Amino acid sequence: MSDPLSSESFFQNFIKLKREVFELNKLFEVNNLINSTDSFYTLAEKFIKFIKLHYDPQGVAFFAPDGDKFKVLCDENLSDFCSFEFINKGEGIWQIIENGIPFLVIDEEEKNIYNQFFERNKLNDLHSMLWVPFVQEGEVIAILTLGRKNQSERYTEEDISFIKKASSQISSPLWKHKQHEARESQTTELQKTLHNISILYNIGQAMNFIDDLKKLLKIILGKAVQNIGAQKGSLMLYDATTEDLAVKVVYGIPDKEVEEKINEGIFECTRIKIGEGIAGNVFQSKRAIITNLGSDDPRFKQSTESKVDSILCIPLIVKEEVIGVINITNKQDGKFFNQDDLDFMGALANQAAIAINNAQLYELATTDGLTKLFIYRHFHYLLDNEIRRSNRYRHKVSLLMMDIDNFKNINDTYGHQVGDEVLRQTSQVILRTVRKIDMACRYGGEEFAIILPETAKESSRKIAERLRHHIEEIAVTTKDGSIVRPTISVGISSFPDDANTQEEIISKADKALYFAKRNGKNCVAEFNQDDCYIIQDVTAY
């Protein structure tokens, strides 16, 4: 007859062995899921599925550290908690968490042991019973919260023991994934920073060698739109005379002809009042705005011509004074602007604001306010430089001296306002007609000078005739409805053909100019071999 105690002992050992085999199999499953994951998040996600499969808990949530808080990284049943945060230190519960051992958060009477902490952080809706901390090298790297087993049961000591083994098994891989991802993030951030520094350095170098404000604005805006990966943009500067923001350059408009006319000042865009729309708000507050609501944003100034999905607008600030704003519109591929875009644009705007301010000061010092042409003093500086270059590189430079015919009569008859408008429109025609390398200057009241670098007389004749014909097309309407149509007389001289010095080339061009005026006006004369000639039959203008 068998000993019943021995049978009972055998049975208990059998149950224990069976339990151990079961746990080994499950731990083997845990090991397999560890080997099949390559990130912190995917390992957490698969471990949650493993726990759900074997315990069917009432709820599961996996918390990971985010600064001084823990944030829900992933959960399968509690979508309301996907962005939940809670304070993790300074509580009695924190000391238990740091031990790295699973623990119950409710007592035998079903009361929450850490009720004050749970209520303050609104954690009761988690319905958690068991908390499982993951601790590695003294650092809490995650916390798993589990509701009741099989939706209603308490966890046994055996359950808690196994969960402890399983969580210990994945703690080290979780830690390694976290360290690896942190290193990758740092490397990516460093590469991005170096890339941005390189871009900003190249942009800064380009800015340093540009004193033409319009060209500088085009470069700044173009680089901004390209490097942010946007579709289009505009750069607005503050106009103190009208106390509003005026568009100076645009980039990325599908109709390139319209874009060019806006950039050349032929078409004027709608001006924005301070405090009006996104741009006006940014200017007034001195703070950048990102909005991915597009025209649905109530701050957006509605326009039938604007097709806006997202906007990044940043102020241009010099010595705490706002001088304008940069608007970047519509991220490519339907993406939205983010903090990285804002950081890059902030650095670019700091550089751009200083460069723009310097260019504005340079422009004020070297250009005439009415005509926007170079002033008399700067003309002499530019001409001296060109003559020096001509001597050094053995090329020719030509000079056009121009005078508006009968300008005194225009002023006397119609007043100085009409006279100023004639000067303004004449200078605009000059700027649109001459080449980019040419330098147009206001020499005197109604007299202009244009320096033509690397240009012999044959080419200068064509430029002069082109100017004369274009200015003939100007029509200024007076208050009484009269139409004023100005004409010009032009004199040409060339270095070194006609002159050996700066003074001589000016003197010879001036002689040719007055020869043209004495011979009927509205014509072009050329100085040649101590004499002057009216240019005729220049058909290719």
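Residues numbered from 1 in each chain as written. Predicted model: local features only at pLDDT ≥ 70, side-chain atom pairs only at ≥ 80, totals over all residues. Heavy atoms only, no water.

## Overview of the side chain of Ser494
As for its position among the elements, Ser494 is in strand E18 (residues 488-495). A distance of 3.5 Å separates the side chain of Ser494 from the backbone oxygen of Val397, its partner in a polar contact. With residues up to four places along the chain from it excluded, the contact list for Ser494 reads Lys396, Val397, Ser398, Thr455, Lys457, Ala499 and Ile505. (Helix = DSSP H or I, 4+ residues; strand = E, 2+ residues; numbered from the N terminus. Polar contact = N/O pair within 3.5 Å; in protein donor to acceptor, adjacent residues only side chain to side chain. Contact = heavy atoms within 4.5 Å.)

## So, the nonpolar core
Residues Phe62, Trp131, Phe134, Leu144 and Leu146 are the most contacted members of the largest nonpolar core, which totals 49 residues. With eight residues, the top contributor of residues to this core is helix H2 (residues 40-55). Core analysis: the second largest hydrophobic core is formed by 30 residues, Ile220, Ile228, Leu316 and Ala352 among them. (Core = buried A, V, L, I, M, F, W, Y, C linked by side-chain atoms within 4.5 Å. Buried < 20%, exposed > 50% of the residue type's maximum accessible area, 1.4 Å probe, protein only.)

## Details of the pairing of strand E13 (residues 397-404)
E13 sits mainly inside the fold: eight of its eight residues count as buried. Side-chain alternation along E13 places Val397, Leu399, Met401 and Asp403 on one buried face and Ser398, Leu400, Met402 and Ile404 on a second face that is also buried. Two strands pair when backbone bridges link them, and E13 and E18 are joined in this way by eight bridges, in the antiparallel orientation. Following the sheet pairing, Leu400 is matched in E18 by Ile492. As defined by bridge partners, E13 adjoins strand E15 (residues 447-452) across six bridges and the pair is classed as antiparallel. (Pairing = 2+ DSSP bridges.)

## Here we look at the pattern of salt bridges
Considering all chains together, one arrives at 29 salt bridges under this definition. Between Glu257 and Lys261 there is a salt bridge whose closest N-O contact spans 3.4 Å. Taken as a pair, Glu257 and Lys261 lie in helix H7 (residues 256-263) at a separation of four residues, close to a single helical turn. Judged by relative accessible area, which is 27%, Lys261 ranks as partly exposed. Measuring nitrogen to oxygen at the nearest pair gives 2.9 Å for the salt bridge that ties Asp384 to Arg388. (Salt bridge = Lys/Arg side-chain N within 4 Å of Asp/Glu carboxyl O.)

## Side note on the pairing of strand E14 (residues 439-442)
With burial as the criterion, each face of E14 is covered, one bearing Met439 and Cys441 and the other bearing Ala440 and Arg442. Note that E14 and E15 share four bridges and pair antiparallel. Among the inter-strand pairings, Ala440 is bridged to a residue of E15, identified as Ile450. Between E14 and the antiparallel strand that follows it, E15, lie four residues.

## What about the sheet that holds E13?
Read across the sheet, six strands follow the order E14-E15-E13-E18-E19-E20 without closing on themselves; strand pairing throughout is mixed. Of all strands in the sheet, those with a lone pairing partner are E14 and strand E20 (531-534), marking the two edges. Mean inter-strand twist for the sheet, computed between neighbouring axes without regard to direction, equals 20 degrees. Helix H10 (residues 376-393) contacts E13, E14, E15 and E18 of the sheet and is inclined by roughly 25 degrees relative to E15. (Axes fitted to C-alpha atoms, helices over the stretch in contact; angles between N-to-C directions.)

## Some remarks on the packing of helix H12 (residues 416-433) against helix H13 (residues 457-472)
In the contact formed by H12 and H13, the axes pass within 10 Å of each other and the chain directions differ by 140 degrees. With respect to each other, H12 and H13 are oriented oblique. Crossing hand, H12 versus H13: right-handed. Contacts between H12 and H13 involve Thr426, Val429, Ile430 and Thr433 on the former and, on the latter, Arg466, Leu467, His470 and Ile471. Grouping the constituent residues of the contact of H12 with H13 by class yields four nonpolar, three polar and one charged. (Parallel < 35°, antiparallel > 145°, perpendicular 65-115°, else oblique. Left-handed = near helix turned anticlockwise from the far one by under 90°. Nonpolar A, V, L, I, M, F, W, Y, C, P; charged D, E, K, R; others polar.)

## Focus on the confidence of the model for the protein
Low-confidence regions, as indicated by low pLDDT, have predicted coordinates that should not be scrutinised in detail. Across the protein, the average pLDDT comes to 85, with 87% of residues at or above 70. Ranking the elements of the protein by mean pLDDT puts strand E3 (residues 85-87) last with 54 and E15 first with 97. Segment residues 77-81: pLDDT under 50, and nine contacts once partners within four positions in sequence are set aside and those in other chains are kept. (pLDDT = per-residue confidence, 0-100.)

## With respect to a nonpolar patch on the surface
A surface patch of nonpolar side chains, amounting to about 300 Å² of accessible area, comprises Leu190, Leu194 and Ile197. For Leu194, the location among the structural elements is in helix H5 (residues 157-208). (Patch = residues over 30% accessible without salt bridge, like charges linked within 9 Å, V, L, I, M, F, W, Y side chains within 5 Å. Areas by Shrake-Rupley, 256 points an atom, 1.4 Å probe, with all protein chains shown as cover.)

## Some points on the packing of aromatic side chains
Counted under the stated rule, the structure contains 13 aromatic pairs. Aromatic side chains Phe50 and Phe162 sit 6.4 Å apart centroid to centroid with 40 degrees between the ring planes, which places their arrangement in the tilted category. Of this pair, Phe50 sits in helix H2 while Phe162 sits in helix H5; the two residues are 112 residues apart in sequence, bridging distant segments of the chain. Neither Phe50 nor Phe162 differs from the other in exposure class; each is buried. Ring pairing ties together the aromatic residues Phe40, Phe47, Phe50, Phe62, Phe134 and Phe162, which thus form one cluster. The lysine or arginine in question, Lys256, covers the ring of Tyr251, its NZ or CZ lying 5.9 Å from the ring centre. (Phe/Tyr/Trp six-rings, centres within 6.5 Å; stacked < 30°, edge-to-face > 60°. Lys NZ or Arg CZ within 6 Å of the ring centre and 35° of its normal.)

## Thoughts on the packing of helix H6 (residues 213-228) against helix H9 (residues 339-366)
Interhelical geometry of H6 versus H9 gives an angle of 175 degrees and a closest axis separation of 10 Å. Accordingly, the angle class assigned to the pair H6 and H9 is roughly antiparallel. Here H6 contributes Leu213, Leu216, Leu217, Ile220, Ala224, Asn227 and Ile228 to the contact with H9, which in turn contributes Asp341, Phe344, Met345, Leu348, Ala352, Ala355, Ile356, Ala359, Gln360 and Glu363. Split by residue class, the contact of H6 with H9 holds 13 nonpolar, two polar and two charged.

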